[in-house]
Protein chains: 2
Amino acid sequence: MHDSDSPRFYPLPVHEEPEAVRLRTWVQLARTFYRIEQSISARLAEKELTMAQFDVLATLRYSEGVTQKELAELLLVTKGNVVGLLDRLQKLDLVERRADPDDGRANRIHLTARGRRKLESVLPVHDRLVLRTLDCLDQQEVGTLRRLLKSLEQAL
Amino acid sequence: MHDSDSPRFYPLPVHEEPEAVRLRTWVQLARTFYRIEQSISARLAEKELTMAQFDVLATLRYSEGVTQKELAELLLVTKGNVVGLLDRLQKLDLVERRADPDDGRANRIHLTARGRRKLESVLPVHDRLVLRTLDCLDQQEVGTLRRLLKSLEQAL
DNA sequence: AAAATATAGTTTACATATAAACTATATGCA
DNA sequence: TGCATATAGTTTATATGTAAACTATATTTT
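Residues numbered from 1 in each chain as written. Chains lettered and ligands numbered in written order. Predicted model: local features only at pLDDT ≥ 70, side-chain atom pairs only at ≥ 80, totals over all residues. Heavy atoms only, no water.

1. Observations regarding the overall build of chain A
For chain A, the count of helices and strands is six helices and two strands. Listed N to C, the secondary structure of chain A is α-α-α-α-β-β-α-α in terms of helices and strands. For 156 residues, the compact-globule estimate of 2.2 N^0.38 gives 15 Å, and the C-alpha radius of gyration of chain A, at 20 Å, exceeds that figure by more than 25%. For chain A, the proportion of its 156 residues judged to be buried stands at 40%. Taking as baseline every contact in chain A between residues at least 6 positions apart, the subset at least 24 positions apart corresponds to 48%. (Helix = DSSP H or I, 4+ residues; strand = E, 2+ residues; numbered from the N terminus. Rg over C-alpha atoms; globule rule 2.2 N^0.38 Å. Buried < 20%, exposed > 50% of the residue type's maximum accessible area, 1.4 Å probe, protein only. Contact = heavy atoms within 4.5 Å.)

In structure tokens:
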């Protein structure tokens, strides 16, 4: 009902119900994600990239030559979405589609030289921001957070 | 570079660099959020609601009578976004805009009877799914997760 | 080989989302 | 009072995002 640090003019409940804590934890997860995402997006915008575009380039860095279907799986989005992302990135000359010689249906996606340069220029900026954001947690807390999030993801 | 539980055929690095751990923790946060969000969205779709629409109704439950600007702040989105959300929800007769008698520019947003019924029917389904998702963590872990996420959000 | 089925990518219709320009009303100040 | 400025909501242009239908190519089955 209120943040622990907000002004209160009524008695504190001794403890929240476990169910309420669980529900609020999901809300907190969403809020925290949104906030960090917006902060990263703002920084990427200075470099003329959207978050989705950065995700594509960063994924291709270690997975060049994937098909669009594989790219969609790596990005956790639909293949229809990938079509539009690649259309725009291709128009910016940051990636290219190469016809798969062994499968007439498939494209293999590659970074262009320009795409690689763009990524090299943006990655340090992106990473510095993420690191600074996580600086409020000590090393052990970060490890714990990562472990708990991973458990949550795997429970699905 | 790999999940701790994935098969490995090469020596394990004794530990990842703290910077790599921090970067991967952000990626994990994003992945976990996406996964849970998609699972909730799928459930809401059975009830003919999008996640954004559910967020509006759930927010109005405890904040009826807010202005569109206030609603935008509560939802962490722009006021332009709120216009479209309300247009569609109004067309579905789930919310209504009431002109503020004290400010000719402002609208006060209210749930309709239909909107209230819809929310009552959807909330239990939503909450059960969230609770079940968090069931893989014990009570203490949930508390820790919530605390760490809140620290992260407040660091921005 | 021919027909049935599956798969990769595209298209379409729609719902979010943003930033920035625009409109109408309030507010502050000279 | 009357002008300057601020604020609430809308509109516009653009980028995501989904689900579902569609096209073209592979694969499987008979």
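Let's pick the thread back up.
2. Some thoughts on the interface of chain A and chain B
Contact residues are listed per partner, giving 53 residues for chain A and 54 residues for chain B. Considering only the side of chain A, the residues that lose the most area to chain B are Arg22(A), Trp26(A) and Arg146(A), jointly responsible for 15% of the buried surface there. The tally of links between chain A and chain B comes to 16 residue pairs in polar contact (both at pLDDT 80 or more). Where the side of chain A that touches chain B is concerned, the elements lending two or more residues are α1 (18-46), α5 (113-133) and α6 (139-154) of chain A. Of the residues contributing to the side of chain A that touches chain B, the split by class is 25 nonpolar, twelve polar and 16 charged. (Buried area = accessible area lost by both parts, 1.4 Å probe. Polar contact = N/O pair within 3.5 Å; in protein donor to acceptor, adjacent residues only side chain to side chain. Nonpolar A, V, L, I, M, F, W, Y, C, P; charged D, E, K, R; others polar.)

3. Describing the relation of the copies chain A and chain B
Rotating chain A by 180° about the axis while translating it 0.0 Å along that axis superimposes it on chain B, leaving an RMSD of 0.0 Å. In symmetry terms, the pair is related by a two-fold rotation axis. The position closest to the rotation axis in chain A is occupied by the C-alpha of Leu145(A), lying 3.1 Å away. When the interface residues of chain A are mapped onto chain B, 100% of them are again interface residues, pointing to one common binding face. (Least-squares fit on C-alpha atoms with pLDDT ≥ 70 in both.)

4. Notes on the packing of aromatic side chains
A complete count under the given rule lists seven aromatic pairs over all chains for this structure. Ring geometry for Trp26(A) versus Phe33(B): centroids 5.8 Å apart, planes at 15°, classification stacked. Taken together, the positions of Trp26(A) in helix α1 and Phe33(B) in helix α1 (residues 18-46) put the pair across two chains. There is no split in this pair, since Trp26(A) and Phe33(B) are both buried. Taken together, the aromatic side chains of Trp26(A), Phe33(A), Tyr34(A), Trp26(B), Phe33(B) and Tyr34(B) make up a single cluster linked through ring pairs. (Phe/Tyr/Trp six-rings, centres within 6.5 Å; stacked < 30°, edge-to-face > 60°.)

5. Focus on the packing of α6(A) against helix α6 (residues 139-154) of chain B
The geometry of α6(A) relative to α6(B) is characterised by a closest axis approach of 10 Å and an angle of 115° between their N-to-C directions. Both α6(A) and α6(B) take part in a crossing whose hand is left-handed. Every residue of α6(B) that contacts α6(A) at Glu141(A), Thr144(A), Leu145(A), Arg147(A), Leu148(A), Leu149(A) and Leu152(A) is listed here: Glu141(B), Thr144(B), Leu145(B), Arg147(B), Leu148(B), Leu149(B) and Leu152(B). Across the contact of α6(A) with α6(B), the residue classes break down as eight nonpolar, two polar and four charged. (Axes fitted to C-alpha atoms, helices over the stretch in contact; angles between N-to-C directions. Left-handed = near helix turned anticlockwise from the far one by under 90°.)

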